[in-house]
Amino acid sequence: MQVVNWLPRTELPFAAPSRPELLEAPEPLVVAPVLPAAVAETPVEPLAKPAERVKIEVPRPSLASTRSGAKVEEEAAPVVAKAPVVPPPRFALQLLRAGRCLLLVELPTGEPFQTRDPAYMLLKDMLRAAGLPDSPQIVGEPVRWPLLTRGTMDQGPEAARDFVQGFLSARLEDAPCVCLWLIGLPAVRFAGEANAESFNRELQVEGLGSVWALPGLELLMEEPQRKADVWQAMRRLMARWKESNE
């Protein structure tokens, strides 16, 4: 244990007397053992790490290739253009016969003419001015559009035109006329395939022959100055049905 001197702290029985000079001696130094240089310089090897799993890099598509692929898909996909939804037109027309002329007249209120209706009285005045019977005969029921309030049937402007023209063609086969009056914008548009710019003009319509486009009765009452243009156009066409009456 490398103890040089040992002295008891108390007096032991039967022991030799202590020597005080030994108590005053300095305590011996304890020198730490020095390891050999070879052992001190030897590096400590780290513990072996478990084998790591090898990572496999999966190639990812680049941003450019992704955009190009998306662009190709957009170009390949057909573009379907949605046709605009057109609401069906709404009108009511009445077919009348006066002498050798047929009159397709817009009903201002949507209901058949009554004897004392202002529009009907104006029509009688126009027939008298044209030299035709002023009590026209009603031909069939009023033509109302749309035909159905519900359903998937096409009731757009083209369908309305085909229906009105087909109706008139059938009536003309039963009893031909020398001139067909189209009174009112719906009659001019869906029977004569024209617009308001054709008012007071004579038109040739395939399957219907010669037609005369006129403003509506309600419009003539609201704008009386239009009656002068109607009268001038009537004078140019009057000879046609007068000859037929003679």
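Residues numbered from 1 in each chain as written. Predicted model: local features only at pLDDT ≥ 70, side-chain atom pairs only at ≥ 80, totals over all residues. Heavy atoms only, no water.

## Concerning the overall build of the protein chain
Move 1: Counting its regular elements, the protein chain contains eight helices and seven strands.
Move 2: Taking all 246 residues of the protein chain together, 31% fall into the buried category.
Move 3: Excluding contacts between residues fewer than 6 apart, the proportion of contacts in the protein chain whose partners are at least 24 apart in sequence is 64%.
Move 4: Of the roughly 18500 Å² of accessible surface on the protein chain, 56% is carried by carbon and sulfur atoms. (Helix = DSSP H or I, 4+ residues; strand = E, 2+ residues; numbered from the N terminus. Buried < 20%, exposed > 50% of the residue type's maximum accessible area, 1.4 Å probe, protein only. Contact = heavy atoms within 4.5 Å. Areas by Shrake-Rupley, 256 points an atom, 1.4 Å probe, with all protein chains shown as cover.)

## Considering the side chain of Asn200
Move 1: Along the chain, Asn200 falls in the loop between α6 (185-192) and β6 (202-205).
Move 2: Residues contacting Asn200, with those up to four places away along its chain left out, are Trp212, Ala213, Leu214, Pro215, Asp229, Val230, Ala233 and Arg236.

## A few points about the confidence of the model for the protein chain
Move 1: When pLDDT is averaged along the protein chain, the result is 80, and 63% of the positions lie at 70 or above.
Move 2: Looking at the elements of the protein chain, mean pLDDT is at its lowest for helix α2 (residues 37-40), recorded as 48, and at its highest for strand β2 (residues 101-106), recorded as 98. (pLDDT = per-residue confidence, 0-100.)

## Topic: the packing of aromatic side chains
Move 1: Applying the stated criterion across every chain yields a total of six aromatic pairs.
Move 2: Centre to centre, the rings of Trp145 and Phe163 are 5.5 Å apart; their planes meet at 45°, and the pair counts as tilted. With Trp145 in strand β4 (residues 143-145) and Phe163 in helix α5 (residues 157-174), this pair connects stretches of sequence that are 18 residues apart.
Move 3: Using a relative accessible area of 34% as the deciding quantity, one classes Phe163 as partly exposed.
Move 4: Arranged with centres 5.5 Å apart and planes meeting at 55°, the rings of Trp181 and Trp241 form a pair that is tilted. Residue Trp181 is found in strand β5 (residues 179-183), and its partner Trp241 is found in helix α8 (residues 226-245); the two are separated by 60 residues along the sequence.
Move 5: Relative accessible area serves as the criterion here: at 0%, Trp241 is assigned to the buried category.
Move 6: Taken together, the ring pairs in this structure connect Trp181, Trp212 and Trp241 into an aromatic cluster. (Phe/Tyr/Trp six-rings, centres within 6.5 Å; stacked < 30°, edge-to-face > 60°.)

## Description of the side chain of Gln155
Move 1: With respect to the helices and strands, Gln155 occurs in the loop between β4 and α5.
Move 2: By relative accessible area, Gln155 is classed as buried at 10%.
Move 3: Of the polar contacts made by the side chain of Gln155, one reaches the backbone nitrogen of Leu148; its length is 2.8 Å. (Polar contact = N/O pair within 3.5 Å; in protein donor to acceptor, adjacent residues only side chain to side chain.)

## Quick notes on the pattern of salt bridges
Move 1: Scanning the model with the defined rule gives six salt bridges in all.
Move 2: Arg240 serves as the salt-bridge partner of Glu202, at 2.4 Å between the closest nitrogen and oxygen. Placement of Glu202 in strand β6 and of Arg240 in helix α8 is noted, with a sequence separation of 38 residues between them.
Move 3: Linked by salt bridges that have partners in common, Asp125, Arg128 and Asp134 make up one network. (Salt bridge = Lys/Arg side-chain N within 4 Å of Asp/Glu carboxyl O.)

## Let's talk about the pairing of β5
Move 1: Within β5, five of the five residues are buried, which leaves the element mostly enclosed by the surrounding structure.
Move 2: Burial along β5 is two-sided: the face carrying Cys179, Trp181 and Ile183 and the face carrying Leu180 and Leu182 are both buried.
Move 3: Across five bridges, β2 lies against β5 in parallel orientation. Across the sheet, residue Cys101 finds its bridge partner in β5, namely Cys179.
Move 4: Both β5 and strand β7 (residues 209-214) contribute to a ladder of four bridges, which runs parallel. Paired with Ile183 across the two strands is Leu214, which belongs to β7. (Pairing = 2+ DSSP bridges.)

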